[in-house]
Amino acid sequence: MKLIEVKTYEELSEIAANIIAAQVILKPDCVLGLATGSTPVGTYKKLAEKNKAGIIDFSAVKTVNLDEYEGLEGTHDQSYRYFMNKNLFDNINIDKKNTYVPNGCAADLEKEGKEYDELIKSLGGIDIQLLGIGVDGHIGFNEPDDFFTAATHPVVLDPSTIEANARFFASADDVPRKAITMGMMSIMQAKKILMVANGKNKFDILKASIEGPVDPKVPASILQLHPDVTVIYSEV
Ligand code: F6R
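None of these values were measured; they are calculated from a predicted model. (Residues numbered from 1 in each chain as written. Predicted model: local features only at pLDDT ≥ 70, side-chain atom pairs only at ≥ 80, totals over all residues. Heavy atoms only, no water.)

**Side note on the packing of aromatic side chains**
Test applied: Pairing of aromatic rings covers Phe, Tyr and Trp, the last through its six-membered ring, and needs centres within 6.5 Å; plane angles under 30 degrees mean stacked, over 60 mean edge-to-face, and all others mean tilted. Helix and strand assignments follow DSSP, with helices taken as H or I runs no shorter than four residues and strands as E runs no shorter than two, numbered in order from the N terminus. Residue burial is assigned from relative accessible area. The probe radius is 1.4 Å, only protein chains are included, and a residue is buried under 20% of its type maximum, exposed over 50%, and partly exposed in between.
Going through the model one piece at a time under the given rule, you end up with five aromatic pairs. Their ring planes at 40° and their centres at 4.8 Å tell us that Tyr69 and Tyr80 sit as a pair that is tilted. Note that Tyr69 is positioned in strand β4 (residues 67-69) and Tyr80 in helix α3 (residues 80-87), a separation of 11 residues in sequence. Pair check on accessibility: Tyr69 and Tyr80 agree, each one buried. One aromatic cluster is present, built from ring pairs that chain together Tyr69, Tyr80, Phe141 and Phe169.

And the structure:
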């Protein structure tokens, strides 16, 4: 694992955007694995700026997102589809038909998960997967558990995740209790992984993930087994 520690969120965002931009320049039809949450917002802003400046072209890029809340349509302002449109896809020259987010409204989420993994396979796998990390160590919505789950699957969110994400909703009661998340197989099969984390509250879990034992109670610790992981951390 390569750890890059920087002083500011601005620097974190610039480095992360440069790494993703390099991938797009080297392989214009690459598959980007994308994340939501507050941490990648700055990275997406910088990618949009680079696109406007003519430095990167998204016209042949495909994207697959990590997760989606159960029961939220893409038009709901807290759905991850909505987030991606607003923070990235509406601001770059990507064809939205090439952007995929799991469907949290599918009647059968197990089936949706299987189809999502098939889709990722049919795209040729993920070239670079962007990840954030939850305060409980989750990646995507793979919450602490007794085992790692390979396939894209429905999950019950941890109380700590509901509390952390309540800031985006009117109240904690409005946060969906369930979601669908890419499992560890598609994440670990990505050719490269880029994790971004900022804030003092992420330091301990990041340290446990990088230095502690590989343990499904700390889901991000599985990344120690991946050959090409870059983690960018800023305290503020
Ligand atoms: C969201 C996701 C989550 C977030 C994590 C950190 O797609 O995959 O694992 O990355 O909850 O969220 P923020 O960045 O809001 O602290």
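**Concerning the sheet that holds strand β3 (residues 62-65)**
The line we're drawing: Here the rule is simple: two strands pair whenever DSSP picks up at least two bridges between them. Contact definition: two residues touch when any of their heavy atoms are within 4.5 Å. Note on geometry: axes are C-alpha line fits, over the in-contact stretch for helices, and angles between N-to-C directions span 0 to 180 degrees.
With respect to topology, seven strands assemble into an open sheet ordered β1-β10-β9-β6-β2-β3-β5, the strand pairing being parallel. Edge positions in the sheet fall to β1 (2-6) and β5 (99-100), since each has one partner strand and no second. Where strand β2 (residues 31-34) and strand β6 (residues 128-131) come together, two bridges link them in parallel fashion. Paired with Gly33 across the bridge in β6 is Gln129. On top of the sheet, helix α4 (residues 109-122) reaches β3 and β5; it is set at about 150° to β3, its chief contact.

**Structural notes on the site of the ligand**
Cut-off, in case you're wondering: A molecule or strand has a residue near it when one of that residue's heavy atoms lies within 4 Å. Within 3.5 Å is the distance limit for a polar contact, defined as a pair of N or O atoms, with the added protein rule that one can donate a hydrogen and the other accept it, and that residues adjacent in sequence qualify only through two side-chain atoms. The protein chains shown are the only cover counted for residues, whose accessible areas, like all others here, come from Shrake-Rupley with a 1.4 Å probe.
For the ligand, the set of nearby residues contains 14 residues, the closest of which are Thr36, Thr39, Asp67, His138 and Gly140. A distance of 2.7 Å separates an oxygen atom of the ligand from a polar atom in the side chain of Thr36. A distance of 2.7 Å separates an oxygen atom of the ligand from a polar side-chain atom of His138. Its free accessible area being 410 Å², the ligand has 94% of it covered by the protein chains.

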